[in-house]
Amino acid sequence: MKIKFGHSFEEIVSVENILYAWREFVKGKKDKKDVQDFTFSLLNNILVLHRDLKSFKYNHGGYEAFNINDPKPRNIHKPTVRDRLLHHAIYRKLYQFFDKTFIADSFSCRVGKANLKAINRFRLFAYRVSKNHTRTCWILKCDVKRFFENINHEILVDILKEYIFDKNIIWLLEEVIISFSSKPNTGLPLGNLTSQLLVNIYMNEFDQFVKHKLKVKYYIRYADDFVILSESKNWLENLINPIREFLREKLKLELHPDKVFIKTLASGLDFLGWINFPDHRILRTATKRRMMRKIKFNPRLETFNSYTGLLKHGNTEKIKKELVKNYLLADEENKISEL
């Protein structure tokens, strides 16, 4: 039997929790017009939100859609400040509980995890599988097709009900979940704080299947990308159909047909922005181009320091020199243009 979520509906919608959520939400956003408008009548807005939630009159509003390129085109949907505040209030109570149910090797949108931890874990697994690089390490790499777009609402709510027995909390979560759809009864919006947690809850079903049913030892997932490492190519080949069937039948998700492959570590594996080899890693060409383009058009010291920090984790001496050169040139051009 799965562990039970211990917080009550009243705790989640309390004025105290919403106030704490506001403090977390507003960081770095005080100069945004919609946030400033909400702040103008902050106490009243919080009390009205609390009243609407407590009386079950709350209705999630619509979304503002816009596109970004990070690095590929993505369609982001931004809810109102009121709704985003509620997302933070929900997240404050749900995250700590559900994070404990996740496997150690799920790395996306988790405190203390993230990209660098995932690629370092990958390096450790490769070291173990290859017996200190004395044997061939085979890797199965897969990608879930249109991940956020294809999260099924009914399945997600059923998963939540296995942990949360309070019907009022389920009502609240359903309000958030059904507020967006890419097609009937399907899809979560990119950019929502709650979406980040909900997709991890959804994919935890798959993680548990891989670890406990398929008995996979060396498995890493970051959002919709996952890898499995093994000494045996045949064993990895035999995993593909069970993986595909579970995703399709249990979660209504599909593997991306063009992003399922098995290759050796020695040939170089593209994973999370780096090409990984047995004894080193190099930056993906597309990542390098994006970095140089951004530093050219936005030569801020914070951006430069962020990139140099990233480059410490691979074989990037030539890229570092090019980055410094481009930063200095762009910075000098900006100064001249301001004269």
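Residues numbered from 1 in each chain as written. Predicted model: local features only at pLDDT ≥ 70, side-chain atom pairs only at ≥ 80, totals over all residues. Heavy atoms only, no water.

**Student:** Is there a simple way to think about the sheet that holds strand β8 (residues 274-276) in this case?
**Tutor:** Backbone-to-backbone hydrogen bonds join strands into a sheet, with any given pair of strands oriented parallel or antiparallel. Reading across the sheet, the three strands line up as β7-β8-β9 and stay open at both edges, with antiparallel pairing between neighbours. Strands with a single pairing partner mark the edges of an open sheet, and in this sheet they are β7 (269-271) and β9 (281-283). Here the average twist between neighbouring strands, direction ignored, is 30 degrees. Note that β8 and β9 share three bridges and pair antiparallel. Counted as the bridge partner of Trp274 is Leu283 from β9. (Pairing = 2+ DSSP bridges. Helix = DSSP H or I, 4+ residues; strand = E, 2+ residues; numbered from the N terminus. Axes fitted to C-alpha atoms, helices over the stretch in contact; angles between N-to-C directions.)

**Student:** Please explain the packing of helix α7 (residues 153-161) against helix α8 (residues 167-177) as it appears in this structure.
**Tutor:** A pair of packed helices is captured by two measures, namely the crossing angle of their axes and the spacing between those axes. One way to put it is that α7 packs onto α8 with a least axis distance of 11 Å and a crossing angle of 155 degrees. By the angle class used here, α7 and α8 are roughly antiparallel. Like other packed secondary-structure pairs, α7 and α8 cross with a definite hand, here right-handed. Facing α7, whose interface residues are His153, Leu156, Val157, Leu160 and Lys161, α8 presents Ile170, Leu173, Glu174 and Ile177. (Parallel < 35°, antiparallel > 145°, perpendicular 65-115°, else oblique. Left-handed = near helix turned anticlockwise from the far one by under 90°. Contact = heavy atoms within 4.5 Å.)

**Student:** Would you mind going over the sheet that holds strand β3 (residues 138-143) with me for this structure?
**Tutor:** Within the open sheet, the four strands sit side by side as β4-β5-β3-β6. Their pairing is antiparallel. Unpaired on one side and paired on the other, β4 (219-222) and β6 (261-264) mark the two borders of the sheet. Each adjacent strand pair in this sheet contributes to an overall mean axis angle of 20 degrees, direction not counted. In terms of strand pairing, β4 meets strand β5 (residues 225-230) through four bridges, oriented antiparallel. Within β5, the residue paired with Ile220 across the bridge is Val227. Running at roughly 170 degrees to β4, helix α9 (residues 193-213) makes contact with β4 and β5 of the sheet.

**Student:** What is the right way to read the pattern of salt bridges from this model?
**Tutor:** Any two side chains of opposite charge can pair if their charged atoms end up close together. Within this structure, the stated rule accounts for 17 salt bridges. With a shortest N-O distance of 3.2 Å, Arg135 and Glu231 are connected by a salt bridge. Of this pair, Arg135 sits in the loop between α6 (114-129) and β3 while Glu231 sits in the loop between β5 and α10 (233-251), placing them 96 residues apart in sequence. One salt bridge connects Arg284 with Asp270, and the closest N-O pair in it is separated by 2.7 Å. Here Arg284 is found in the loop between β9 and α11 (285-297), whereas its partner Asp270 is found in strand β7, with 14 residues between them in sequence. Among the residues examined, Arg284 registers a relative accessible area of 26% and is labelled partly exposed. Residue classification places Asp270 among the partly exposed residues on the basis of a relative accessible area of 28%. (Salt bridge = Lys/Arg side-chain N within 4 Å of Asp/Glu carboxyl O. Buried < 20%, exposed > 50% of the residue type's maximum accessible area, 1.4 Å probe, protein only.)

**Student:** I tried to follow the pairing of β3 on my own but got confused; where do I start?
**Tutor:** In the case of a regular strand, side chains alternate between the two sheet surfaces. With five of six residues buried, β3 is to be regarded as a mostly interior element. Pairing of β3 with β5 involves six bridges; the strand directions are antiparallel. Opposite Asp143, over in β5, you have Asp225 as the bridge partner. Here β3 runs beside β6; their pairing, made up of four bridges, is antiparallel. When the bridges of β6 are listed, Lys141 appears paired with Phe261.

**Student:** Explain the environment of Glu11 to me, please; I cannot follow it from the model alone.
**Tutor:** Structurally, Glu11 can be placed in helix α1 (residues 9-12). Each C-alpha atom of the pair Glu11 and Lys93 lies 8.3 Å from the other, and the pair is 82 residues apart in sequence. Contact partners of Glu11, with chain neighbours within four places excluded, come to Gly6, Asn17 and Lys93. A distance of 3.0 Å separates the side chain of Glu11 from the side chain of His7, its partner in a polar contact. (Polar contact = N/O pair within 3.5 Å; in protein donor to acceptor, adjacent residues only side chain to side chain.)

**Student:** Honestly, unusual backbone geometry in this entry has me stumped. Any pointers?
**Tutor:** Across the chain, the bulk of peptide bonds are trans and the bulk of non-glycine residues have phi less than zero. Even without being glycine, Lys131 reaches a positive phi, approximately 50 degrees. Residue position: Lys131 is located in the loop between α6 and β3. By relative accessible area, Lys131 is classed as partly exposed at 39%. Non-glycine residue Asn185 carries a positive phi angle of around 60 degrees. Note on placement: Asn185 falls in the loop between α8 and α9. Relative accessible area serves as the criterion here: at 31%, Asn185 is assigned to the partly exposed category.

Note that every value here comes from positions in space, so none of it alone points to a role or purpose.
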